[in-house]
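Per-entry structural report
One-letter residues, chain by chain:
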Amino acid sequence: MTDKKISEKLIKEFVKNYGTPLFIVSINDLKSRIKNFKNYLPRVMPFYAVKANPCPQIIKLFIDEGLGFDVASKNEIENVLDLGAKPEKMIFANTVKSPEALNTAKRNRIDLMTFDSEYELVKIAKYYPGARVLVRIKVPNIGSVVELSLKFGAEPADAISLLIKAVKLGLKPVGVSFHVGSQCTEVANFIEAIELSSIIFRDALLKKIPLEILDIGGGFPIPHSDTDDDLFPMMAEKISSEIDRLFDVNIKIIAEPGRYLVGPACTLITRVIGKSIRDNKHWYYLDDGVYGCLSGIVYDHCKYQFKVFKKGQTQISTLAGPTCDSFDVISVSEELPELEFGDIVYTTNIGAYSIATATNFNSIPPARVISINQEV
Ligand SMILES: *Cc1c(COP(=O)(O)O)cnc(C)c1O
């Protein structure tokens, strides 16, 4: 399942036609990700977390496929709307919203949003009276590669008083949301979060605040290299049965998957543009690096697998990026055959938190993006 082979012929053809660095989005792969998600979590309506990869090709397909969107800023809202998304299929899921972004949400009637503090509630009530709000609670992020509970989430014990406060401020409390941390490989985080949420649903009802939406957030893991297991099917089955056990069928369940939907659907192709031997070790300088589409190495704590077509005796080598910063080192321990200028080095499963966080440092623009129908 994880050993997906993009053909050598195809990659070389793309390189010839488009040059490098090249970021390839596979439409077929995106479609099968959506299908998988829906198959394994049939009760859950996905709202794609736009921040994972905002490429218009991806957003457009997701609109056509009927997905909702998790947006977090004024520009994300406007970009997704411009591409044709419906306001009623969007959730403003940043717990810290700027006044401008709230104005934009209000103007476009994107009235569903999350919060995790009283201050935010007061702000929402000021800029978007009557908005529908979900309280985001702090849940265990144990073992998740990117911890989010360090920055977000109200104490579950405070959830009820916050929901009551929302009512007092004229807002409409409609549910509970959480995020177990990105690339979450511990299903227990989800299970515990769902259980905590169900207690809040019950207590809210006792306070005459009937809730209708549970938002289980993102965090669904993907295999980043060919040797990683795909944990999603097992986790999704447990999540599904826990939802069924604790939540009545009339409760709407939504999620905000980012990485899961786009990660495995994209490939980055680079070429060797420089070479040296330093301390007896081969260094290869690629035309993309940590300031570009490999920024996930820094921000996403991601370990990518690098592949080449070159055959031959391998040795431990260093891969570095094209910028003038010594921080721009991609990997110091790649087993590689001897590479020459122009040789291709590529990475699969790089759809999430890659081009989204790429910069223009040294005036080197992020990789060119193309979308294709083949699988990668
Ligand atoms: C980043 C984020 C997501 C997406 O997380 P993934 O781990 O990519 O699935 C979803 N919801 C919120 C609020 C986020 O901040």
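Nothing here was measured: the structure is a model prediction, and the numbers come from that model.

Another point: helix α4 (residues 74–82). Taken together, the buried positions of α4 are E76, I77, V80 and L81. All buried residues of α4 fall inside an arc of 125° around its axis, so they share one side. Lining the buried residues of α4 we find α3 (56–64), β3 (68–71), β4 (90–92) and α5 (99–107). Downstream of α4 by a residue or two, G84 has a phi angle that is positive, lying close to 115°.

Another point: the domain arrangement of the chain. Per the domain assignment, the segments of the chain are domain 1 (8–22 + 264–372) and domain 2 (27–262). For domain 1 versus domain 2, the distance between C-alpha centres works out to 33 Å. Across the boundary between the two partners, domain 1 contributes 19 residues, which contact 23 residues of domain 2. Taken together, both faces of the contact between domain 1 and domain 2 bury some 1800 Å²; the carbon and sulfur share is 55%. Where domain 1 packs against domain 2, one counts two salt bridges. D226 is the salt-bridge partner of K307, the closest N and O atoms lying 3.1 Å from each other. For the pair domain 1 and domain 2, the interface holds eight residue pairs in polar contact (both at pLDDT 80 or more). Ranked by the residues each element gives to the side of domain 1 that touches domain 2, the list is headed by strand β16 (residues 368–372), at three residues.

Another aspect to go through is the site of the ligand. Not every one of the 14 residues close to the ligand is listed here, only the nearest: K51, S182, E256, R259 and Y353. R259 is positioned such that a nitrogen or oxygen atom in its backbone is 2.8 Å from an oxygen atom of the ligand. For the ligand, whose free accessible area comes to 390 Å², the fraction covered by protein is 93%. Of the residues contributing to the shell around the ligand, the split by class is four nonpolar, five polar and five charged.

Turning to its location among the elements, D300 is positioned in the loop between α11 (296–299) and β12 (306–308). Residues within four places of D300 in sequence aside, it is in contact with V145, V146, R259, S295, A352 and Y353.

With that settled, consider the UniProt feature "modified residue: N6-(pyridoxal phosphate)lysine" (unreviewed entry) in the chain. With numbering aligned to this structure, UniProt lists the feature "modified residue: N6-(pyridoxal phosphate)lysine" (unreviewed entry) at K51. Here K51 is to be found in the loop between β2 (44–49) and α3. What makes K51 partly exposed here is its relative accessible area of 46%.

What follows is about the pairing of strand β15 (residues 344–347). Residues I344 and Y346 of β15 are buried on one face, and the alternating residues V345 and T347, pointing to the opposite face, are buried as well. Two strands pair when backbone bridges link them, and strand β10 (residues 266–278) and β15 are joined in this way by four bridges, in the antiparallel orientation. When the bridges of β15 are listed, L268 appears paired with T347. In the sheet, β12 pairs with β15 via three bridges, with the strands oriented antiparallel. Opposite K307, over in β15, you have Y346 as the bridge partner.

Attention shifts here to the UniProt feature "domain: Orn/DAP/Arg decarboxylase 2 N-terminal" (unreviewed entry) in the chain. In the numbering used here, UniProt assigns the "domain: Orn/DAP/Arg decarboxylase 2 N-terminal" (unreviewed entry) feature to residues 29–262. Its end C-alpha atoms 8 Å apart, residues 29–262 is made of 42% helix and 15% strand.

With that out of the way, let us pick up helix α8 (residues 187–206). Taking 1.5 Å as the rise per residue, α8 with 20 residues should run 28 Å; its terminal C-alpha atoms sit 29 Å apart, in good agreement. At its buried positions, α8 is contacted by α7 (159–168), β7 (172–177), β8 (213–215) and α9 (232–246).

Tracing the chain through its elements places R259 in helix α10 (residues 259–262). A polar contact is formed between the side chain of R259 and the side chain of Q183, at a distance of 3.5 Å. For R259, the contacting residues outside a window of four places in its chain are A52, V146, S182, Q183, F220, I222, H224, P264, D300, A352 and Y353.

Cut-offs and rules
- Residues numbered from 1 in each chain as written.
- Predicted model: local features only at pLDDT ≥ 70, side-chain atom pairs only at ≥ 80, totals over all residues.
- Heavy atoms only, no water.
- Buried < 20%, exposed > 50% of the residue type's maximum accessible area, 1.4 Å probe, protein only.
- Helix = DSSP H or I, 4+ residues; strand = E, 2+ residues; numbered from the N terminus.
- Arc of directions from axis to C-beta.
- Contact = heavy atoms within 4.5 Å.
- Domains from an automatic or database assignment.
- Buried area = accessible area lost by both parts, 1.4 Å probe.
- Salt bridge = Lys/Arg side-chain N within 4 Å of Asp/Glu carboxyl O.
- Polar contact = N/O pair within 3.5 Å; in protein donor to acceptor, adjacent residues only side chain to side chain.
- Near = heavy atom within 4 Å.
- Areas by Shrake-Rupley, 256 points an atom, 1.4 Å probe, with all protein chains shown as cover.
- Nonpolar A, V, L, I, M, F, W, Y, C, P; charged D, E, K, R; others polar.
- UniProt positions renumbered as here; feature names shortened; annotations may be inferred.
- Pairing = 2+ DSSP bridges.
- Expected span 1.5 Å × (residues − 1).

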